[in-house]
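# Inside the fold
Residues per chain are reported as follows:
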Amino acid sequence: MPDPLLTVDDLTVAYDGAVQALRGVSLRVDAGSVVAVLGSNGAGKTTLLRAVSRSLGTVGGAVTGGTIRFGGQDLARRDASWAVRAGLVQVPEGRRIFRDLTVEENLRAGGYTARDARARAEATDRVFDLFPILAERRHQRGGLLSGGQQQMLAMGRGLMTSPKLLLLDEPSLGLAPQLVEQIGDIIEQIHAQGTSVLLIEQNASMGLRVADRAYVLEVGTITASGTAAELASTDDIRDRYLGVGTSSPTRTTHEDEPVDVPVHLRRSSTATAQELRVEDLTVRFGGITALSEVSFTVAAGTIHALIGPNGAGKSTCINVLGGAYRATSGTVHYGDATVSALPSHRIADLGVARTFQNISLSLEATVEDNLLVGRHRVMRTGTAAQALRLPNARKEERTEREAVRRIAVLLGIDAVLDRAVHTLSYGDRKRVEMGRALAAEPTLLLLDEPVAGMTHGESVVMADAIRAVQQELGLSVLLVEHDMPFVMGLAERITVLDFGKRIAEGSPQDVQRDPEVLRAYLGTAAA
């Protein structure tokens, strides 16, 4: 048997010298293979890829035991630049493209280490063959691409050095079902062209479809391994990661412990939810129309979903409602206020809070400090009183810390309140971001892909938490999400967008039967 391309043997990793992330992890990737690693949030999957790509040090992590070999070379004394030159390239979780650079400039950045101009040109042609939409958008800024197109750009950038082994961290994160299928097909094409792949995936269905072999990582240790077909046939994998097991579904946290909801939250004011009205909303970026005369209404105190394929305009709509983008035409009203005419801080003052498609947190700050940022809107003592630690400021601080603790308990992140955000998994960061939004005591909560990167069981827990908050605080919720079981089980009404236009609206049952929705979102016709 030939030597493997990558071997990980008895690997142990810790963050900040204290938080143990991996314990005795061993795996191998043979040349010409696709290997998938499955696991819940916080299992250590991203940490594993960081250790392999030699990027642990940038987030306070360190290998404390074991070995990693690539092409027979021990990586212990190698850095990330050596790894890239040797043909080991990581596509990070959450895309992380250069938003202010064009598609073409992002790709050139990915090929920086390739000194041969001809090789760079061939790599660019390869990327455009795999992702034709990137060729069409080559002069467009990365930040104006849809989530799916940004994921394609991140993968394309990783391919610019023609790697021997491509490390993919959650490539299907936040993508619609039709695009998830397309990304899976592209991974198979990349493999067929001679690139080996180590794939981290929450979407076990896609991961096991494209992989030759798979490992299950839980709480920092390997708990199962085998061929992809073997793992896909086990009840535990089918129930926990595919949501189609034979056992009845149970609500669990990311640590598989029951959550008691609701946790009683309290408002510090008498503010109540208002009706949100979006009327003939149009948004253009240069010659691209992201939204075209979109209208819908979110009734006060209800949960409303905005769905559609990637690039449909969902996040653009959320960005207008939150004040990040300006409407080209049309209006948005929240109660008696015209939101579309206000800056973002004035919109926040109306009681509107949001989360982001690409997580926006203070990574070096603790979870508790990030949540306290959300309390700034409701705090009454001034900067001077807080700096001087006056009695009223100290009293308010105790009150606010107790408020964020209750939110953390509700979202299952109370055990990590004192940890720096950069040490958390992607799913837990999503929880922190939602907690920060809830800390502002909103009457309207805008959620952009709240369960992206979560397993089936974890999304059930998040649905319970959102429902509990909505009922206790009486707030309105507008959510954008691709997890259809999550949406259909939570939303009272759904608006469907495609190519920037509204194509359907109604109850979950009506939308599920609409042939236009099936065509646009799933790529299928009605049965």
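Residues numbered from 1 in each chain as written. Predicted model: local features only at pLDDT ≥ 70, side-chain atom pairs only at ≥ 80, totals over all residues. Heavy atoms only, no water.

Attention shifts here to the pairing of strand E10 (residues 221-227). Here strand E9 (residues 213-218) runs beside E10; their pairing, made up of 6 bridges, is antiparallel. By the bridge assignment, Tyr-215 is partnered in E10 with Ser-225. Counted along the chain from E9 to the antiparallel partner E10, the turn is 2 residues long, and its residue Val-219 has a positive phi close to 50 degrees. (Pairing = 2+ DSSP bridges. Helix = DSSP H or I, 4+ residues; strand = E, 2+ residues; numbered from the N terminus.)

Another aspect to go through is the sheet that holds strand E4 (residues 61-70). If you trace the 4 strands from one edge of the open sheet to the other, you get E2-E1-E4-E5, paired in antiparallel fashion. Only two strands of the sheet have a single neighbouring strand rather than two, namely strand E2 (19-29) and strand E5 (73-74). Both E4 and E5 contribute to a ladder of 2 bridges, which runs antiparallel. Residue pairing across strands places Phe-70 opposite Gln-73, the latter belonging to E5.

Attention now goes to the side chain of Gln-149. Structurally, Gln-149 is set in helix H6 (residues 147-159). Aside from chain neighbours lying at most four places away, what touches Gln-149 is Ile-133, Leu-134 and Arg-137. (Contact = heavy atoms within 4.5 Å.)

Now for helix H4 (residues 117-130). If you check H4, its first and last C-alpha atoms are 20 Å apart, about what 14 residues at 1.5 Å a residue would give, namely 20 Å. On its buried face, H4 sits against helix H3 (103-110), helix H5 (132-136), H6 and helix H7 (177-192). At the N-terminal boundary of H4, the capping side chain belongs to Asp-116, with an oxygen 2.8 Å from the backbone nitrogen of Arg-118. (Expected span 1.5 Å × (residues − 1). Polar contact = N/O pair within 3.5 Å; in protein donor to acceptor, adjacent residues only side chain to side chain.)

Before going further, it helps to spend a moment on unusual backbone geometry. Phi is positive for Asp-10, close to 55 degrees, though the residue is something other than glycine. Summarising the element assignment, Asp-10 is placed in strand E1 (residues 6-15).

Here we come to the nonpolar core. In terms of nonpolar packing, the biggest core is built from 50 residues, with Val-367, Ile-466, Leu-479, Phe-486, Val-487 and Ile-494 touching the most fellow members. A total of 7 residues in this core trace back to one element, the largest contributor, which is helix H17 (residues 456-473). Looking at which domains feed residues into this core, each of domain 2 (273-351 + 442-526) and domain 3 (359-440) gives three or more. Look past the residues within four positions of Leu-479 in its chain and what remains in contact with it is Ile-303, His-304, Ala-305, Leu-306, Leu-447, Phe-486, Val-487 and Leu-490. (Core = buried A, V, L, I, M, F, W, Y, C linked by side-chain atoms within 4.5 Å. Buried < 20%, exposed > 50% of the residue type's maximum accessible area, 1.4 Å probe, protein only. Domains from an automatic or database assignment.)

What follows is about the pattern of salt bridges. Within this structure, the stated rule accounts for 24 salt bridges. The salt bridge partner of Glu-122 is Arg-118, with a shortest N-O separation of 3.3 Å. Here Glu-122 pairs with Arg-118, and both are found in helix H4, just 4 residues apart, close to one helical turn. Assessed through its relative accessible area of 46%, Glu-122 is described here as partly exposed. Arg-118 sits in the exposed class, given a relative accessible area of 63%. (Salt bridge = Lys/Arg side-chain N within 4 Å of Asp/Glu carboxyl O.)

Another point: the environment of Leu-101. With respect to the secondary-structure elements, Leu-101 resides in the loop between strand E6 (88-91) and H3. Measuring from C-alpha to C-alpha, the distance between Leu-101 and Ser-476 comes to 36 Å, with 375 residues separating the pair along the chain. Residues in contact with Leu-101, not counting those within four places in the same chain, are Asn-106, Gln-140, Arg-141 and Gly-142.

Attention now goes to the confidence of the model for the protein. Considering every residue of the protein, the mean pLDDT works out to 87; 94% of them sit at 70 or more. Considering each helix and strand of the protein separately, the mean pLDDT is smallest for helix H10 (residues 235-242), with a value of 69, and largest for strand E14 (residues 329-334), with 97. Long-range and interchain partners of residues 245-262, a stretch whose pLDDT sits below 50, account for 31 contacts in this model, where long-range means more than four residues apart. (pLDDT = per-residue confidence, 0-100.)

Our focus in this paragraph is the packing of aromatic side chains. One pass over the full model with this rule turns up 1 aromatic pair. With a centroid separation of 5.2 Å and an interplanar angle of 75 degrees, the aromatic rings of Phe-285 and Tyr-325 are classed as edge-to-face. Separated by 40 residues along the polypeptide, Phe-285 in strand E11 (residues 276-285) and Tyr-325 in the loop between helix H11 (314-322) and E14 bring together distant segments of the chain. Classification of Tyr-325 by relative accessible area gives partly exposed; the value is 22%. In this structure, Arg-354 is placed above the aromatic ring of Phe-356, and the distance from its NZ or CZ to the ring centre is 4.1 Å. (Phe/Tyr/Trp six-rings, centres within 6.5 Å; stacked < 30°, edge-to-face > 60°. Lys NZ or Arg CZ within 6 Å of the ring centre and 35° of its normal.)

Domain boundaries in the protein define domain 1 (6-242), domain 2 (273-351 + 442-526) and domain 3 (359-440). With 18 residues of domain 2 in contact, the opposing surface of domain 3 contributes 11 residues. When the area that domain 2 buries against domain 3 is broken down by residue, the three leading residues are Pro-442, Met-462 and Val-469, summing to 31%. Taken together, the connections running from domain 2 to domain 3 amount to 0 salt bridges. Looking at the side of domain 2 that touches domain 3, its residues break down into 12 nonpolar, 2 polar and 4 charged. (Buried area = accessible area lost by both parts, 1.4 Å probe. Nonpolar A, V, L, I, M, F, W, Y, C, P; charged D, E, K, R; others polar.)

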